[in-house]
Amino acid sequence: DQVLHIVPETFQQVQDLHLLCSNLMLDLWKPLLPEDIRAGEDLHIRVPAPLVQEVKDSLDQHMISYRVLIPDVQKLVDQSMPMERSSHRQVSGGYVYTEYHPMEEIYQWMTQIQNNNSELVTQHFLGKTFENRTMYYLQISQPSNKPKKIIWMDCGIHAREWISPAFCQWFVKEILQNYKSDPKIRRFLQNLDLYVLPVLNIDGYIYSWEEDRLWRKNRSPYENGTCYGTDLNRNFNSSWGSVGVSFNCSSDIFCGSGPESEPETRAVAQFIESKKSDILCYLTIHSYGQFILTPYGSTTKPPSNNEELMQVAKEAAAALTGKYGTSYKVGSTALILYSNSGSSRDWVHMIGIPFSYTFELRDTGTHGFILPADQIQPTCEETM
Amino acid sequence: RAMELPPSHFPAGRAAAVAVGYLRYLRGGPGRGLELRTLRRARRQDIDDVGHKYCLELELEDVLDKGRTVHCTAEVLYHLGSKSTAPDVQVTVQGELRSTEEADQQFYNRIRSLEKELVAENIPDSHGNVPPELEPIHLLAWAASGYVIWQNSTENTKFHLAQVKHVKQVKRSDEDLQFDYVLLLHEMVSQEVIPWEVTVLWHPRRGARVPRDRRQPGLAPG
């Protein structure tokens, strides 16, 4: 059951809501009586689970906007009971996907995932970081005779955006857990291979665990070791160094000494370049902001396939909102956020990969980079 | 001469952040944290020799009372050319905010009765956790950050409070509570995280005031 929060805007909407509540005999939490529903005032309705989709469709048809105040009433009830909660949401091997994990554990997780799902998953070497750590990606691929197109997703290009690697891990788990039971996933994997890089900026991620929670860049030294770190998402060869960057190493948007100056960037770029004719879609996961961003950051001139890019993104955002009411904005980085150059997403699009998106996950600034672990699950569920 | 702006584009978003910061300072406190839910509408007017004025329609919510919508209108005037003048902000809140009188008094009494001055750091911690007894300290920091954000914003910046690095209570002989904070502010355009020393005075009836604030000199070592 869900509780929806609606603020009716017009008298017409009030009437439509009145009718909806009466016809379906919905449980009004606020106000108590349908006749007290008023324009401009908060309305809270509890909708029984079997009716949730129907009610949401009806609201969409009447152009009444809503948000989900309580996504799962039963869960809230259970949580308020003083009884031992079973450790739900724990999957094979006891890995807890609703917590943040340090890099050591993520390496172990990758090995486990491959071992437990060897028909579908292979772990591959991608490259080495500056501090000589190995970058691995997971290939999720159903064995088949026909050649398949690729969807690539990378997480953790910026060290402090912990929700991003958490999402990559969740994503892999969801696909593998539901592969047998979900026909959509099976059909998906019949035609597409998924390549997932759970942590791109490994050195930075470790540094954010051990030294500075709000570190962003990688850990390569400059200026004789007096200054560290390039912003990997300004280091790709897409109008490199032109806008929205700094040439000063101490800046958080330092673009490096040249395009692809960083080993992490090179590792990703070389791989994508080698597979570019097979890659259909590139996704790079960041936080925060709640955006689905399209090319470009370096110019407001739209990419050649902008209409299609936007349409797909809008449908994705709508599906995302449908889960918990979280609203995502869609558009190009240059219009929605700021100007920047050298981003991975722009470079990927410029070399010819048609669908290229940056996801900025929860939230919009209340917690920012330090998103509480109890939001991992809803964030990942809605983004799935 | 007033241009309608798309609310999802950054110019309107940045002005909204300033308005919300200002309101947080004015009306926020240990029992109330206001955040932006939606920017409904934005218009911009360029005033010759003065600056850029943004007129905004906003929907906010109190993090402790998310079911209630707070409707606001705001005007944010960025002064031309001047980097050191804070934008002029006016905010009108429609309706009443939830009363925090009881919670405020409880917090006030609790802090006044502490034997040792309160000291804490890293709120929230790396995993986003805030111990319940520190939540009011966190919300008060959020209100204080609103002042710093309002005073230091331009059309090319967007600030959020990333974390409370450190807080120390300073006992006073008058009726105010005093907290000396080091706040970490995240600036979206430069992506910098900036430490800021902020002294906050607070009293249940007088609200929050920032008599002293200072951007911490020097950049953090790489």
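Everything numeric in this text was worked out from a predicted model, so none of it was measured.

Undergrad: I tried to follow the interface of chain B and chain A on my own but got confused; where do I start?
TA: By convention, interface size is frequently given as the accessible area that disappears when the constituent parts associate. Across the boundary between the two partners, chain B contributes 36 residues, which contact 39 residues of chain A. Of the roughly 2900 Å² buried where chain B meets chain A, counting both sides, 53% is carbon and sulfur surface. Put simply, chain B and chain A have one salt bridge between them. For the salt bridge of Arg67(A) with Glu61(B), the shortest nitrogen-to-oxygen distance reads 3.3 Å. In this structure, the connection of chain B to chain A is made through 17 residue pairs in polar contact (both at pLDDT 80 or more). Those elements that provide at least two residues to the side of chain B that touches chain A are α1 (10–27), β2 (34–47), β4 (65–79), β7 (159–170) and β8 (177–187) of chain B. For the side of chain B that touches chain A, the element with the most residues is β4(B), which contributes five residues. When grouped by side-chain class, the residues that make up the side of chain B that touches chain A number 13 nonpolar, 14 polar and nine charged.

Undergrad: Help me out: how do you make sense of the packing of aromatic side chains in this one?
TA: Given two aromatic rings, one states the distance between the centres and the angle between the planes to describe the pair. Counting across every chain of the model gives 27 aromatic pairs over all chains. With centroids separated by 5.6 Å and ring planes inclined at 40°, the aromatic side chains of Trp152(A) and Phe271(A) adopt a geometry described as tilted. On the criterion of sequence distance, the pair formed by Trp152(A) in strand β7 (residues 149–155) and Phe271(A) in helix α8 (residues 263–274) is long-range, its members being 119 residues apart. By relative accessible area, which is 0% here, Trp152(A) ends up buried. For Phe271(A), a relative accessible area of 13% puts it in the buried group. Ring pairing ties together the aromatic residues Phe107(B), Tyr108(B), Phe179(B), Tyr181(B) and Trp202(B), which thus form one cluster.

Undergrad: Looking at this model, I keep getting lost on the domain arrangement of chain B. Mind explaining?
TA: Residue and element names in this part refer to chain B. Each domain of chain B was delimited in the assignment, giving domain 1 (2–94) and domain 2 (100–215). The centre of domain 1, based on its C-alpha atoms, is set 21 Å off from the matching centre of domain 2. Counting from both sides, the interface comprises 25 residues of domain 1 and, opposite them, 25 residues of domain 2. Together domain 1 and domain 2 conceal approximately 2200 Å² of surface at their shared face, both sides included; 65% is due to carbon and sulfur atoms. When the buried surface of domain 1 facing domain 2 is broken down by residue, Arg 14, Tyr 25 and Pro 30 rank first, second and third, together holding 36% of it.

Procedures and definitions
- Chains are numbered independently. Their residues run from 1 in the order of the written sequence.
- Chains and ligands are labelled by the order in which they are written, letters from A for the one and numbers from 1 for the other.
- Under the rules for a predicted model, residues below a pLDDT of 70 receive no local features and side-chain atom pairs below 80 are neither given nor counted, while totals for whole chains, interfaces and linings still include all residues.
- The basis for the side-chain values is all heavy atoms of the structure; hydrogens and waters are excluded.
- When checking whether two residues touch, look at their non-hydrogen atoms; a contact exists if any pair is within 4.5 Å.
- By convention, the term buried area covers the 1.4 Å-probe accessible surface removed from two parts as they join, with the contributions of both added.
- By definition here, a salt bridge exists when the distance from a side-chain nitrogen of Lys or Arg to a carboxyl oxygen of Asp or Glu is within 4 Å.
- Identification of polar contacts relies on pairs of N or O atoms within 3.5 Å, with a donor-acceptor requirement for protein atoms, meaning one able to donate a hydrogen and the other able to accept it, and with residues adjacent in sequence counted only if both atoms are side-chain atoms.
- Put simply, DSSP H or I for four residues or longer makes a helix, DSSP E for two residues or longer makes a strand, and each gets a number counted from the N terminus.
- As a working rule, the residues Ala, Val, Leu, Ile, Met, Phe, Trp, Tyr, Cys and Pro are called nonpolar, Asp, Glu, Lys and Arg charged, and the rest polar, with Gly in that last group.
- Within 6.5 Å between ring centres, the rings of Phe, Tyr and Trp (the latter by its six-membered ring) count as paired, and their orientation is classed by plane angle as stacked under 30 degrees, edge-to-face over 60, tilted in between.
- Type-normalised accessible area, obtained with a 1.4 Å probe on protein chains alone, sets the label of each residue: buried when under 20%, exposed when over 50%, and partly exposed for intermediate values.
- Domain start and stop points were drawn from an automatic or database domain assignment.

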